[in-house]
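Analysis of the macromolecular model
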Amino acid sequence: MKKAGLLLSAICFTAMLYAQVTISGTVRDEKQQALPGATIQLLVGEKSKQTISDKAGNFIFHIVKSTEQARLMIHYVGKKDQTIDVLLTSDQFYQITLEEKALFLAPLEIQSIRASDKTPFSKSDISSATLAQKNLGQDLPFLLNQLPSVTITSDAGNGIGYTGIRIRGTDASRINVTLNGIPYNDAESQSTYFVDIPDIFSSSQSIQVQRGIGTSSNGGGAFGATINIATNAFIDSAYAELSNTYGSYNTWRNNLQAGTGLLNNHFTADIRLSHIASDGYIDRASSNLQSLYFSGAYINGKSSLRFNFITGKEKTYQAWYGVPEAMLETDPTYNPAGMEKPGSPYDNQTDNYTQTHYQLFYNQKSGRYFDWNVAAFLTRGKGYYEEYKADQPYAKYGLPPVIMGSDTITNTDLVRRRWLDNYFFGQLFSVQYQQNRNALTLGGSWSQYNGKHFGQVIWAQFGAPKDAEYYNLPAYKADQQVYIKWLYAMNANWSLFNDVQYRRVQYTMDGFEDNPGLYIRRHFQFINPKTGISFNDVHTHAYISYGFVGKEPNRDDFEAAVTDQPKPEFLHDFEAGIERKLKLYAWSATLYYMLYKDQLVLTGKVNSEGSYTRVNVPASYRMGLELTGSVQVKPWLLLQANATFSRNKIRQFTEYIDNYDNGKQEVFQYTQTAISFSPAVISAFTVGVQPIKNLSLTLENKYVSKQYLDNTQNTDRSLAAYFAGNFRMAYTAKKIIFPEWDLILQINNLYNTTYMSNGATYPYIYDGVLVNDNYYYTMAKINFLAGLKIRF
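What counts and what doesn't
Residues numbered from 1 in each chain as written. Predicted model: local features only at pLDDT ≥ 70, side-chain atom pairs only at ≥ 80, totals over all residues. Heavy atoms only, no water. Helix = DSSP H or I, 4+ residues; strand = E, 2+ residues; numbered from the N terminus. Contact = heavy atoms within 4.5 Å. Areas by Shrake-Rupley, 256 points an atom, 1.4 Å probe, with all protein chains shown as cover. Lys, Arg positive; Asp, Glu negative; His and termini not counted. Charge placed at Lys NZ, Arg CZ, Asp CG, Glu CD. Phe/Tyr/Trp six-rings, centres within 6.5 Å; stacked < 30°, edge-to-face > 60°. Buried < 20%, exposed > 50% of the residue type's maximum accessible area, 1.4 Å probe, protein only. Pairing = 2+ DSSP bridges. Axes fitted to C-alpha atoms, helices over the stretch in contact; angles between N-to-C directions. Salt bridge = Lys/Arg side-chain N within 4 Å of Asp/Glu carboxyl O. Patch = residues over 30% accessible without salt bridge, like charges linked within 9 Å, V, L, I, M, F, W, Y side chains within 5 Å. Core = buried A, V, L, I, M, F, W, Y, C linked by side-chain atoms within 4.5 Å.

With that settled, the discussion passes to the overall build of the protein. Broken down by element type, the protein carries 4 helices and 46 strands. Overall size of the protein, expressed as C-alpha extent along the three principal axes, is 120 × 55 × 55 Å. Contacts in the protein between residues at least 24 apart in sequence constitute 65% of all its contacts with a sequence separation of at least 6. About 33900 Å² of surface is accessible on the protein, with carbon and sulfur atoms providing 58% of the total. The positive charge centre, built from 72 side chains, and the negative charge centre, built from 70, are 10 Å apart in the protein.

To continue, consider the packing of aromatic side chains. Tallied over the entire structure, the rule returns 42 aromatic pairs. With a centroid separation of 5.0 Å and 85° between ring planes, the pair formed by Trp-320 and Tyr-385 is classed as edge-to-face. Taken together, the positions of Trp-320 in the loop between β19 (303-317) and β20 (323-324) and Tyr-385 in strand β22 (residues 370-393) put the pair 65 residues apart, joining distant regions of the chain. For Trp-320, a relative accessible area of 24% puts it in the partly exposed group.

Taking strand neighbours across the sheet as the criterion, the 5 strands line up as β8-β13-β14-β11-β12 in an open arrangement whose pairing is mixed. The sheet is open, and its two borders are formed by β8 (122-127) and β12 (182-183), each paired with just one other strand. Strand direction decides the pairing type here: strand β11 (residues 175-179) and β12, joined by 2 bridges, are antiparallel. Bridge pairing in β12 places Leu-179 opposite Ile-182.

It is worth spelling out the sheet that holds strand β1 (residues 20-28) at this point. An order of β4-β1-β7 is seen for the 3 strands of this open sheet, with the pairing classed as mixed. Across the chains shown, the open sheet's two edge strands, defined by having one partner strand only, are β4 (58-64) and β7 (92-97). The average angle at which neighbouring strand axes cross in this sheet is 20°, direction not considered.

Let us now look at the pairing of strand β9 (residues 150-154). Most of β9 sits out of view: 5 of its 5 residues are buried. Alignment of β9 against strand β10 (residues 163-167), held across 5 bridges, turns out to be antiparallel. If you follow Val-150 over to β10, its bridge partner there is Ile-167.

Time to look at the pattern of salt bridges. Counted under the stated rule, the structure contains 36 salt bridges. A salt bridge links Glu-386 to Arg-417, with the shortest nitrogen-to-oxygen separation between them at 2.7 Å. Placement of Glu-386 in strand β22 and of Arg-417 in strand β25 (residues 411-435) is noted, with a sequence separation of 31 residues between them. Residue classification places Glu-386 among the buried positions, given a relative accessible area of 2%. Residue Glu-552 is joined to Lys-477 by a salt bridge in which the shortest nitrogen-to-oxygen separation is 2.8 Å. Of the two residues, Glu-552 sits in the loop between β30 (540-551) and β31 (569-581) while Lys-477 sits in strand β27 (residues 468-489), which places them 75 residues apart along the sequence. One continuous salt-bridge network, built from bridges that share partners, spans Glu-241, Glu-740, Asp-742, Lys-789 and Arg-791.

The phi torsion at Asn-694 lies on the positive side, around 75°, for a residue other than glycine. Along the chain, the position of Asn-694 falls in the loop between β36 (681-689) and β37 (695-704). The backbone of Ile-737 sits at a positive phi, close to 65°, despite the residue not being glycine. Along the chain, the position of Ile-737 falls in the loop between β40 (722-736) and β41 (738-748).

Time to look at a nonpolar patch on the surface. Together, Phe-370, Val-374, Phe-429, Val-431, Leu-440, Leu-442, Val-482, Ile-484, Trp-486, Val-500, Tyr-502 and Ile-527 line one region of the surface with nonpolar side chains, adding up to about 900 Å² of accessible area. Elements represented by at least two residues in the nonpolar patch include exactly β22, β25, β26 (438-460), β27 and β28 (494-510). Per-element tally for the nonpolar patch: the top contributor is β27, with 3 residues. By secondary structure assignment, the location of Leu-442 is in strand β26.

Before going further, it helps to spend a moment on the nonpolar core. Formed by 31 residues in total, the largest nonpolar core has its most connected members in Leu-144, Ile-167, Phe-201, Ile-207, Val-209, Ile-227 and Ile-229. Of all the secondary-structure elements, those providing two or more residues to this core are α4 (140-143), β9, β10, β11, β13 (206-212), β14 (224-230) and β40. If sequence neighbours within four positions are ignored, Ile-229 has contacts with Ile-110, Arg-114, Val-177, Thr-178, Leu-179, Asn-180, Phe-194, Phe-201, Ser-204, Ser-206 and Ile-207.

What follows deals with the environment of Ser-445. Take Ser-445: it is sitting in strand β26. The buried category is assigned to Ser-445, whose relative accessible area is 11%. Placed 87 residues apart in sequence, Ser-445 and Gly-532 show a C-alpha to C-alpha distance of 24 Å. Among residues more than four places away in sequence, those in contact with Ser-445 are Asn-218, Gly-219, Gln-427, Leu-428, Asp-479, Gln-480 and Gln-481.

On to the environment of Ser-608. Position of Ser-608 among the secondary structure elements: in the loop between β32 (585-601) and β33 (615-634). Sequence separation between Ser-608 and Glu-559 is 49 residues, and the spatial gap between their C-alpha atoms is 9.5 Å. Not counting chain neighbours up to four residues away, the residues in contact with Ser-608 comprise Ala-561 and Asp-564.

Okay, the pairing of β19 next. As a general feature of sheets, a regular strand has side chains that alternate between the two faces. Pairing of strand β18 (residues 287-300) with β19, which is carried by 14 bridges, proceeds in the antiparallel orientation. Paired with Tyr-298 across the strands is Leu-305, a residue of β19. The antiparallel hairpin formed by β18 and β19 contains 2 residues in its connecting segment, where Gly-301 sits at a positive phi of about 65°. Here 15 bridges tie β19 to strand β21 (residues 350-366), and the two strands are oriented antiparallel to one another. By the bridge assignment for β21, Asn-308 is matched with Gln-359.

What follows is about the environment of Gly-550. Its location among the elements puts Gly-550 in strand β30. Placed 93 residues apart in sequence, Gly-550 and Val-457 show a C-alpha to C-alpha distance of 40 Å. The residues touching Gly-550, leaving out its near neighbours within four places in the chain, are Phe-223, Arg-503, Phe-526, Asn-528, Glu-569 and Phe-570.

Put into structure tokens, the structure is as follows:
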């Protein structure tokens, strides 16, 4: 019996020795803002474990209970390293604050427009570490696809070339995008074309996505979401990386980047060269993308000067039209572009554009309380798209008919180029004051857009003057704005936030292609206030907020008679949210109600100038619930999910349909119809597994419910609901010839789902029958990308 008791005691003692303890904590800066992507290393004797802090700055280790000496080592770019002695005899939680390095000054051009952890807005932060895991050459929407309320599309079907993103159903022309605080949206269409700066995300430090109106930003009105991209990272050690990707549809991505680290305690320089090419899933939807990124900085104690040079060149075969509905079953990759040419498709039906960014930043820390910065920028864009057009009247191009013997030829096949040639330049500034309970930011910007729209006939079957110009239409847009933000800490937990922006926009447009004599002179003034209150403690962030914003129409909206000119759009945004973050799990819930006044939508109406333009509808709204959650089930198993349930309606809608039988338009009235491309349910679910050290397996799933192609809520003009998934395997090998290797295999559309991510509809009446002429953008079936990154 005594021996049995001793044996039992020994077993219990051994079990106690090998019981697990949890070492966890949160990493924040001196302003108590989370630091995602910090590297945390746990040293136990000669052994070590390493992890990276999540988007909330949290980290966790599960380790065998021990009396050995252990240490935590924390590293974050631009911050002082910190070492902490830890105990492994019981669970421990550490609140870690990292101080700034003496020579490092945070990029104020980013801080001034981003939402902090204490502002009352719904946001997602994506660190450079997260971007690196996903970045295999696909465009930004595909890197953000797992975020709440996001839907994406790709013209070529595989995420390379022209892509699109919607957030809460809001399209890209209503999403404010900045690159280092500098406006990136096209000044006229207000859309964003990341294809013009390919692979910019390889140079990105972080991305913040704000849903709803968010905080005041530079550039166009945030009418549903904001995306802030930051590349101005300070990297204090020299590095070099070579990345290569190969995948389905002859897809290649080659990327070389390097940096000097800190030279002579003052200078840094970073450079990247990238090339991306793909044949695309859709027929002839090829892409050939090139880019160069250079950033140089001088840092001197409390000031810094930085210059960025970013240029991209794209050549993509047009895949803008979608697949006709009648061909979806038999030929789902059919591309109508270039098919007007007899025989084989025209081989140069391409889009060609070069965009170059020059950015100059100066940051200064003045005393204990003030930080300020100024920046200047120039964005230069020039390019054209080329297309073959059959049986075109010479008169349409301002050309005389061709006389051949006794015949007068009035129509011809031809090739034309439509050019954009533009300059977009301006300045921005911000001043930040922080003392005790008050944090004040005063900022603003001005910009000027000078653009030329012109067209050329470069070839005609029956002859034409060389490069005959058939239209030349200059356009100008000026934008001035100023904002002030005040964050007041009422006590240790409660904060009050106020933000107001004044914005003035001036348009000058000297004609349109189909209406060269239509001159537009318009100006708009907006006052955009936001206010809210938030509660914060170690684990909880809760808030309520209200925002109001106005937004000017796009260029195409103005192609109407003086009496039919569009009005600006306005949005009231009400938000309430709560977020809880604990050691092993986190969750959040956001309620939103977005009430529109005079939202611009397509109705099918032909205006008095003969154009199909958007018109203002008096009242519409979006309301929804966004849910997110994550749980660390085991040290090797992480589950993450989000879901959005929404109702998106136009209260009263009038549809106009062309009647080819009588040459008129038929009118139909609707009430409470769904807003186009606004699914009622969007959800994502991710499973992350780390079976062994340095190996991670990730399964990403996405569900999007039915979407309507127009605002009539007609099922015959809709996108079917879809469920699709991706699988990614990443392995890191160290000290094998080179210091570090990253191998990534990604399988896209893992379940080989047949689905369409976007579409267009052109209904008409012919022979007394309603015809729904639908076109769909089909996504690639199961395909793969494989990447190899070597760090020297």
